[in-house]
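Here is how the chains run, residue by residue.
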Amino acid sequence: STLMRSSAASDVYKRQSDNMKILITGAHGFVGNRLMQDLDDTVAAPSMRGMSEEQIRNMIEKSRADVIIHTAAISDVGTCEKDPGASYEANVRLPLFLAKAAKEQKMICFSSDQVYRGCAGEGPYKEEDASPCNVYGRHKLEMEQQVLDVKPDAVMLRAEWMYDYPTKRSNYLRMLLNEKQVLTFGKQYRGITYLREVAENMPKIFMLPGGVYNFGSETKQTMYDITCEMLHFLKSDRKSEEVPPAHNLWMDCTKAKERGILFSDAKEGLKRCLKDYHLAKDRE
């Protein structure tokens, strides 16, 4: 059965997701790999690079999946700026092919807080405030719109900067623990999300009505302030260097919370992660 191995998911949502088979794209990536570990009855999709719409339809039929979680993407902002054609192929065209082929399946797509990079106000931003100003953000927003036009019951998750410990991929936690890396952050408001909590919320996400949802931990502190507090929590002698703030990527996640999608706040999520991996022994 498709049950979370964590006790955090409630029994009612476990029962609702019972016997579902899940197809995960990007199964070897940062998010996909975590979901493959933490969800049962998962099937790893092959690389879709260069696939036609017919090939993707055949892949879905062969998987016999009830749910598709689409995590595959070119997510590096700089790479997308340098090669917008490749970004469009990966971040718009292929998910649209998935949506057209997924007639019976529930489809969940990971989008990005980068859709708020060009917003005029300081935030926190609601779903309707999206205003991207880079290639990656524009393509993610276009993906959301095109997929929902084809498949209105699809769920778009605007994810924040996510972190986890058992990964070699650069992320906020790795930066925090890397003694050789100079930590530079501005007074920028942005949520950061513990990847394990993303996985724990998945059974509830299967039940969401179609639409766009801000998705992740909320914060009332800047990245600079959070970093200073976490270094103090870790009893580290390192200092965080303050730099001019980047644009806020500060999301209001009320819409998801009202549907039972709950996260620790940014600072408490980090403390939980450190304790989960025994990186914060004897610290209060």
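Up top is the structure.
What comes next concerns the included structure.

Rules used in this analysis
- Residues numbered from 1 in each chain as written.
- Predicted model: local features only at pLDDT ≥ 70, side-chain atom pairs only at ≥ 80, totals over all residues.
- Heavy atoms only, no water.
- Helix = DSSP H or I, 4+ residues; strand = E, 2+ residues; numbered from the N terminus.
- Rg over C-alpha atoms; globule rule 2.2 N^0.38 Å.
- Contact = heavy atoms within 4.5 Å.
- Areas by Shrake-Rupley, 256 points an atom, 1.4 Å probe, with all protein chains shown as cover.
- Lys, Arg positive; Asp, Glu negative; His and termini not counted.
- Charge placed at Lys NZ, Arg CZ, Asp CG, Glu CD.
- Salt bridge = Lys/Arg side-chain N within 4 Å of Asp/Glu carboxyl O.
- Buried < 20%, exposed > 50% of the residue type's maximum accessible area, 1.4 Å probe, protein only.

## Observations regarding the overall build of the chain
Okay, step 1: On a plain count of helices and strands, the chain comes out with 11 helices and 10 strands.
Okay, step 2: Taken over the C-alpha trace, the chain has a radius of gyration of 19 Å; the compact-globule value for 284 residues is 19 Å, and the two agree within 12%.
Okay, step 3: If you line up the chain on its principal axes, its C-alpha atoms span 55 × 40 × 35 Å.
Okay, step 4: For the chain, contacts bridging at least 24 residues in sequence account for 78% of all contacts bridging at least 6.
Okay, step 5: Within the structure as shown, the chain displays about 13,300 Å² of accessible surface, and the carbon and sulfur contribution to it stands at 46%.
Okay, step 6: Once the 41 positive and 41 negative side-chain charges of the chain are each reduced to a mean point, those two points are 4 Å apart.

## Brief notes about the pattern of salt bridges
Okay, step 1: A complete count under the given rule lists 14 salt bridges for this structure.
Okay, step 2: Between K257 and E218 there is a salt bridge, and its shortest N-O distance comes to 2.7 Å. Separated by 39 residues along the polypeptide, K257 in helix α10 (residues 254–257) and E218 in the loop between β9 (211–215) and α9 (223–233) bring together distant segments of the chain.
Okay, step 3: Note that R272 and D276 form a salt bridge whose closest N and O atoms lie 3.2 Å from each other. Residue R272 and its partner D276 are located together in helix α11 (residues 266–276), separated by 4 residues, close to a single helical turn.
Okay, step 4: With a relative accessible area of 26%, D276 lands in the partly exposed category.
Okay, step 5: The network of salt bridges with shared partners includes R196, E197, E200, R272 and D276.

## Points about unusual backbone geometry
A negative phi angle is the norm for most residues apart from glycine, just as the trans form is the norm for most peptide bonds.
Okay, step 1: Geometrically, the link from G123 to P124 is a cis peptide bond, its omega value of 5 degrees lying close to zero.
Okay, step 2: Relative to the helices and strands, P124 resides in the loop between β4 (106–112) and α6 (135–150).
Okay, step 3: The backbone of R64 sits at a positive phi, close to 55 degrees, despite the residue not being glycine.
Okay, step 4: One can find R64 in the loop between α3 (53–63) and β3 (67–70).
Okay, step 5: Residue classification places R64 among the exposed residues on the basis of a relative accessible area of 69%.
Okay, step 6: The phi angle at H278 is positive, at roughly 55 degrees, despite the residue not being glycine.
Okay, step 7: Relative to the assigned elements, H278 resides in the segment after α11.

These results come straight from atomic positions and should not be treated as a statement about function.
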